[in-house]
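In case you want the letters, here they are:
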Amino acid sequence: MTGNRIQRLVHLKWAVGILVLLAALAACKKQEAAAPQEVRPVRTVTVEPKEAGETLSLTGEIQPRYQADLGFRVNGKILERPVDVGTPVKKGDLLARLDPQQYRQDFEVAKAEVAKADAEVTRSQAQEYRQRELLKNGHTTQVAYDQAVKTFKTAQAQADAARAKQVQASENLGYTDLKADADGVISAIGADPGQVVSAGQMVVRLAQPGEREAVFNVAEATFKTPPKNPSVEVKLVSNPDIKTTGKVRYVSPQADPTTRTFTVRVSLPGAPPQMRLGANVIGSVTVNEGRAVTIPGSALFQKDGQPAVWLVTKDGTVQLKPITVARYQGDSVVVGDGLAQGDVVVTGGVQKLLPGQKVRLMQASAG
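In short, a report on the structure. All figures in this text were calculated on a predicted structure; none of them were measured in a lab. (Residues numbered from 1 in each chain as written. Predicted model: local features only at pLDDT ≥ 70, side-chain atom pairs only at ≥ 80, totals over all residues. Heavy atoms only, no water.)

## Remarks on the nonpolar core
Point 1. Counting 18 residues, the largest nonpolar core has Phe72, Leu95, Leu178, Val203 and Val204 as its most contacted members.
Point 2. Looking at this core, the elements with two or more residues in it are strand E5 (94–98) and strand E9 (204–219).
Point 3. When residues of this core are assigned to their parent elements, the largest contribution, three residues, is made by E5.
Point 4. Other than its neighbours up to four places away in sequence, Val204 contacts Ala68, Asp69, Leu70, Arg81, Val83, Leu95, Leu178, Ile186, Ala188, Ile189 and Gly190. (Core = buried A, V, L, I, M, F, W, Y, C linked by side-chain atoms within 4.5 Å. Buried < 20%, exposed > 50% of the residue type's maximum accessible area, 1.4 Å probe, protein only. Helix = DSSP H or I, 4+ residues; strand = E, 2+ residues; numbered from the N terminus. Contact = heavy atoms within 4.5 Å.)

This is the structure:
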């Protein structure tokens, strides 16, 4: 009996200990439940849509609106090229000359062919006249006369062909001189004296500097919503004080296969003389996208890999709100969708917040 009593006492002690432990745990939970929730101070900004505009700047080059690659119309070896890059020329000035010996010989041969053809015309014409007179008197046949007429007409045709060849040979001889077809300045050289060139190969590039343009290579994503007829401010890289404004005259319909950029040409009717051909310039244009919401970049948070922000609700707690980003602009973010006027967005301490957490506003500003 004594052993059973001792065993009951041991069990009783264990039961009492467990009850005490459960009571202690319950007390701790009550204390935790009674403990006040931490209120975290945060910096905020109040959403206020404003007129949004982005200034785009690109580096380009001054080029003439009109320029042409000039070359010979015939093949040959260049004897001389009296011009170089930067040489001003007038209409009719000599730009380059081919060796004319072969074309002079061709012209002399053509002249001889014309003389031969003319002699044959004279002979056949006289033969036709004799056959005609003999036919009147009955001393020849109609067949003989018809043959004489045919010979005469053939000689005339051959004479016409010979004269055409002579004209062509004369023109080819003249084509050995490459002359300027307009006033301008030489902007590039494609061949040197002593070089054999083919017909149409560029020998010089003639630019007409009277009307200049600024040329830019623009990426496809630069103008997602291009402005209509924008004014472009163009200024020299070497001296930004020298500037002018122009209008977009031409946008390439197809991207360059190598750079994947589009050529944009800006007409500069009032370009100052300091904007010489080949000068580097900076073109700036403001893209106005209407009213938009801009928030500091520090307000961005990630939710399931997508951009989001913490919004302060009316009861002083924070909730995560997904948004779309239109573009990044320096330290700011232009919001495409997800925010409305009057929303209070947390801009500081976003990484330490939890959904439903109470916050205290440290600073609120309009954004």
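From this point on, the discussion continues.
## Regarding the sheet that holds E5
The strands making up a sheet are joined through hydrogen bonds of the backbone, oriented either antiparallel or parallel.
Point 1. The sheet built from four strands is open, its strands ordered E6-E5-E3-E8 with antiparallel pairing. Edge positions in the sheet fall to strand E6 (177–179) and strand E8 (196–197), since each has one partner strand and no second.
Point 2. Examined bridge by bridge, strand E3 (residues 76–80) and E8 share two bridges and lie antiparallel to one another. Within E8, the position partnered with Gly76 by the bridge is Val197. (Pairing = 2+ DSSP bridges.)

## Side note on helix H3 (residues 142–174)
Point 1. Across its 33 residues, H3 extends 48 Å between first and last C-alpha, which sits within 8% of the 48 Å expected from 1.5 Å per residue.
Point 2. Residues of H3 that are buried: Tyr145, Ala148, Val149, Phe152, Ala155, Ala159, Ala162 and Ala169.
Point 3. Contact partners of the buried residues in H3: helix H2 (101–137). (Expected span 1.5 Å × (residues − 1).)

Spatial relationships are all this shows, so hold off on functional conclusions.
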